[in-house]
Amino acid sequence: MRDSLINTCGMKMRKLLDKKSEVFAQKYGVRNVELEILLFLYHSPCGDTAKDIVEEKNISKAHISKSVDNLRAKGFVVLTEDENDRRKRHIELTEKAVEAAKNMLEVHNECKEVVMRYVTDEEKELMNQIMQKMLRSLDEELQK
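Since we're looking at a predicted model, the values are computed, not measured.

The rules we used
- Residues numbered from 1 in each chain as written.
- Predicted model: local features only at pLDDT ≥ 70, side-chain atom pairs only at ≥ 80, totals over all residues.
- Heavy atoms only, no water.
- Core = buried A, V, L, I, M, F, W, Y, C linked by side-chain atoms within 4.5 Å.
- Buried < 20%, exposed > 50% of the residue type's maximum accessible area, 1.4 Å probe, protein only.
- Helix = DSSP H or I, 4+ residues; strand = E, 2+ residues; numbered from the N terminus.
- Contact = heavy atoms within 4.5 Å.
- Axes fitted to C-alpha atoms, helices over the stretch in contact; angles between N-to-C directions.
- Parallel < 35°, antiparallel > 145°, perpendicular 65-115°, else oblique.
- Nonpolar A, V, L, I, M, F, W, Y, C, P; charged D, E, K, R; others polar.
- Polar contact = N/O pair within 3.5 Å; in protein donor to acceptor, adjacent residues only side chain to side chain.

## Observations regarding the nonpolar core
One finds Leu35, Leu38 and Phe76 to be the most contacted residues of the largest nonpolar core, which totals 26 residues. Contributing elements (two or more residues each) for this core: α1 (2-28), α2 (32-43), α4 (61-73) and α5 (95-115). The element best represented in this core is α2, accounting for 7 residues. Contacts of Phe76, omitting those with residues within four sequence positions, involve Tyr28, Val30, Leu38, Leu71, Glu92, Leu93, Thr94, Lys96, Ala97 and Ala100.

Put into structure tokens, the structure is as follows:
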């Protein structure tokens, strides 16, 4: 029962994010996944290459590559060659992309408020502890 609840909750959270971000996808002429990439680049200290996005977001390399090409063509990102490794390209946001990423951050915050609407502070703390344990277990398993 719990397993299906976790899956159902995750799927509904994704559906809510997609629904609330659709207005921005249309406004900017991009797909939801491309908005998520912009948000990742804006908000995450994890890196700024396609490989970093693949590893952090668990999206296929081909999908990321196509999305980054679309974002570049539409003026949302520029690619710069790494000084030490010419094969590596850093993805930098344009001003247009920063605006879109800020909008997506607002969408994520709205969705978080919806999801946590009925959760008490004590329950939030317990959830945080449980999720940290789950992530540790997942990380250990994925390192094998």
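## Details of the packing of α2 against α5
Two elements in contact, α2 and α5, have axes whose closest approach is 8 Å; the angle formed by their N-to-C orientations is 95 degrees. When the interaxial angle is binned, α2 and α5 end up roughly perpendicular. Where α2 approaches α5, its residues Leu35, Glu36, Leu38, Leu39, Tyr42 and His43 are matched on the opposing element by Ala97, Val98, Ala100, Ala101, Lys102, Met104, Leu105 and His108. For the contact of α2 with α5, the class distribution of residues is 10 nonpolar, 2 polar and 2 charged.

## Looking at the side chain of Glu34
Tracing the backbone shows Glu34 in helix α2. Side-chain polar atoms of Glu34 contact the side chain of Asn70, separated by 3.0 Å. Here Glu34 is in contact with Ser67, Asn70 and Leu71, once residues within four sequence places are set aside.

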